[in-house]
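Architecture at a glance
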Amino acid sequence: MLLDVLKDTLTDTLKLIPFLYITYLLMEWLEERAQEKTISMLQRARRLGPIVGAATGVIPQCGFSAAAASMYSGGVITVGTLLAVFLSTSDEMLPIFISEQVNIKTIVSVIGTKIILGAISGLIVDAFLRVYRRKHPRTDRHIHDLCEQDNCHCEEGNIFLSAFLHTIEITIFILIITFLAGFAIEGIGEERVGAFLSGEPLLGVALSGLIGLIPNCGASVTITELYLKGILTSGQMMTGLLIGAGVGLLILFRSDRRHMKDNIKITIALYLIGVFWGLVIDRLGIVF
């Protein structure tokens, strides 16, 4: 089992490296080259960020959730956009659906629902925060804060080296946590998890959300497989998949250490939003 978990951990982590490097390279370039007008333009366009984020996050694998977490830490995207990406992130769901030859209508319905719910939730969060921060202003994040925190010597001009150092540090962190999370899932077993979730429908939604919080692509695999086996309801499945942001939360807590309280609030919001939509889906009797 240890060898299997280690193999899966290495595979999942290696897939993330290109996303991480490109993201950090882009952020380094923005820090060094972008003029004030460019930053101003990004800020003005950020109100539509949740819609773009939801559409982008649905692409399989959790690389985009990791990229979004880094960009949020650097002040490039809003909280709503970050949550939209997290909520729509599909991880391994789509590959499993395809490999199991799930009906195309079901696949489109699930993906479309994740995009819509992610965009709506992100827009609502951003609208709320705009009103709230008029009375409680705070200092915004900036890209250079991320560099100062990690002591990566970004100011020296070699953006390729700085992006590489960021990527290596985050990759090592992901490797360790992913291995521990994967080992826990394998140790408990999917069947036991499924039996636990199916015992109480309402409790099952809440518990499925807790599984989604596991910072590992294996969480989406477990939830998708349990749904296809008929163990989870549509609401329970959707809750777990909405909350499951892959390693996105890991990147958020690692790259934005200066704002731990905000990170915790984002995690709680992600969980509550996912549980809310899951309960609504089950209440309405929606079946994908």
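Structure: see above.
Described below are features of the structure shown in this document. The shown structure was predicted, so the numbers you read here are calculated from the model rather than taken from an experiment.

1. Some thoughts on the packing of helix 3 (residues 49-57) against helix 5 (residues 79-88)
- Across the interface, helix 3 lies against helix 5 with an axial gap of 7 Å and an inter-helix angle of 25 degrees. Classified by the interaxial angle, the pair formed by helix 3 and helix 5 is roughly parallel. Where helix 3 crosses over helix 5, the handedness of that crossing is right-handed. Contacts between helix 3 and helix 5 involve Gly49, Pro50, Gly53, Ala54 and Gly57 from the former and Gly80, Thr81, Ala84, Val85 and Ser88 from the latter.
- Looking at the contact of helix 3 with helix 5 residue by residue, the class counts come to four nonpolar, six polar and no charged.

2. Observations regarding helix 13 (residues 234-243)
- Of all the ten residues making up helix 13, ten are buried; the element is thus mostly covered by neighbouring parts of the structure.
- Within the span of helix 13, buried status applies to Ser234, Gly235, Gln236, Met237, Met238, Thr239, Gly240, Leu241, Leu242 and Ile243.

3. Brief notes about the packing of helix 5 against helix 15 (residues 260-283)
- Where helix 5 contacts helix 15, the axes come no closer than 11 Å and their chain directions differ by 50 degrees. The angle between helix 5 and helix 15 falls in the class oblique. Between helix 5 and helix 15 the crossing geometry is right-handed. For the pair helix 5 and helix 15, the contacting residues are Val79, Leu82, Leu83, Phe86 and Leu87 in the first and Ile266, Ala269, Leu270 and Ile273 in the second.
- For the contact of helix 5 with helix 15, the per-class residue count stands at nine nonpolar, no polar and no charged.

Cut-off values and rules
- Each residue is numbered by its place in its chain's sequence as written, counting from 1.
- Given that this is a predicted model, residues contribute local features only at a pLDDT of at least 70 and side-chain atom pairs are listed and counted only at 80 or more, while totals for whole chains, interfaces and linings are drawn from all residues.
- In computing side-chain properties, one takes all heavy atoms of the structure into account and sets aside hydrogens as well as water.
- Helix axes use the C-alpha atoms of the stretch in contact, all axes being lines fitted to C-alpha atoms, and the angles between their N-to-C directions lie in the range 0 to 180 degrees.
- To qualify as a helix, a DSSP run of H or I must reach at least 4 residues; to qualify as a strand, a run of E must reach at least 2; elements of each kind are numbered from the N terminus.
- For classification, angles of less than 35 degrees are called roughly parallel, those exceeding 145 degrees roughly antiparallel, those between 65 and 115 degrees roughly perpendicular, and all remaining angles oblique.
- For any pair of crossing helices, the crossing counts as left-handed if the nearer helix is rotated counterclockwise from the farther one by less than a right angle, and right-handed if it is rotated clockwise.
- Contacts are assigned to residue pairs that have any heavy atoms within 4.5 Å of one another.
- Each residue is assigned to one class: nonpolar for Ala, Val, Leu, Ile, Met, Phe, Trp, Tyr, Cys and Pro, charged for Asp, Glu, Lys and Arg, and polar for all the others, Gly among them.
- For every residue, the accessible area obtained with a 1.4 Å probe (protein chains only) is divided by the maximum for its type, and the residue is called buried under 20%, exposed over 50%, and partly exposed between those limits.

Read these as layout, nothing more, since geometry by itself doesn't imply function.
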